[in-house]
Amino acid sequence: MKSFNAFLAEQVIVNVIINFIIAYYLSSIMLSTLINIPLFASKNNLLATNISGDLLVGTFIMGLIITLITSVITRRKRNKTKQTLGLFIAPNFINKLPHSIFKRGVIIGIAPVLTIGLPIIITLMAFDIHHLLSKDYIIYHAFYAAIIAGAVSYCAVSRTLAENPKHA
């Protein structure tokens, strides 16, 4: 296994690139037929495409899935290595995340919803923005997904590396 920092950087970069491509591609397919994307779904169709639903639900699901995938990959790579890896010192907030991958995924999924997604919605409401052009939203969404993926993968991989299974 590479050094902790090299492995962590690789995982973050890979997740940023993959999630940008996925978000751009899926958004282009699903949203290009729409002219505008509303901030909120209409009351008679709560499942309709809307920015707030994407930021809240999509961010949570992305955080959960990235955490589940990257944690398993990181654990497998650590367990396969024959060399002594030593200790990975993670920031305090990372070390406080639970050992259970699913619980960790839920927390890492909720955190960006509350710290990034919700403030964006509040900001759009404060600036009286009720919709975005579809072509613009596709780009914004791809960059948003990439940024969130980088933060989520940093947290998930750092916590998994901090487990130090051979030195516990």
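Structural notes, computed from the coordinates. In this text, all values refer to a predicted model and were calculated from it rather than measured experimentally.

## Quick word on the packing of aromatic side chains
Here is step 1: Under the defined criterion, the tally for this structure stands at 3 aromatic pairs.
Here is step 2: Arranged with centres 6.4 Å apart and planes meeting at 10°, the rings of Phe20 and Tyr24 form a pair that is stacked. A residue pair is termed a helical-turn pair when its members lie 3 or 4 positions apart in one helix, as Phe20 and Tyr24 do in helix 1 (residues 4-31) at 4 residues.
Here is step 3: You can call Phe20 partly exposed: its relative accessible area is 25%.
Here is step 4: A connected cluster of aromatic rings, assembled from ring pairs, spans Phe20, Tyr24 and Phe143.

## Remarks on the nonpolar core
Here is step 1: Formed by 33 residues in total, the largest nonpolar core has its most connected members in Leu8, Ile51, Phe88, Ile108, Tyr137 and Leu161.
Here is step 2: Residue assignment for this core shows that the elements contributing at least two residues are helix 1, helix 2 (51-80), helix 4 (101-126) and helix 5 (134-161).
Here is step 3: Of all the elements, helix 5 adds the most residues to this core, at 12 residues.
Here is step 4: Residues contacting Leu8, with those up to four places away along its chain left out, are Phe88, Ser153, Tyr154, Val157, Ser158 and Leu161.

## As for the side chain of Ser52
Here is step 1: Here Ser52 is to be found in helix 2.
Here is step 2: Among the polar contacts made by the side chain of Ser52, one reaches the main-chain carbonyl oxygen of Leu39 at a distance of 2.8 Å.
Here is step 3: With near-sequence residues (within four places) excluded, Ser52 lies in contact with Leu39, Phe40 and Ile121.

What counts as what
Residues numbered from 1 in each chain as written. Predicted model: local features only at pLDDT ≥ 70, side-chain atom pairs only at ≥ 80, totals over all residues. Heavy atoms only, no water. Phe/Tyr/Trp six-rings, centres within 6.5 Å; stacked < 30°, edge-to-face > 60°. Helix = DSSP H or I, 4+ residues; strand = E, 2+ residues; numbered from the N terminus. Buried < 20%, exposed > 50% of the residue type's maximum accessible area, 1.4 Å probe, protein only. Core = buried A, V, L, I, M, F, W, Y, C linked by side-chain atoms within 4.5 Å. Contact = heavy atoms within 4.5 Å. Polar contact = N/O pair within 3.5 Å; in protein donor to acceptor, adjacent residues only side chain to side chain.

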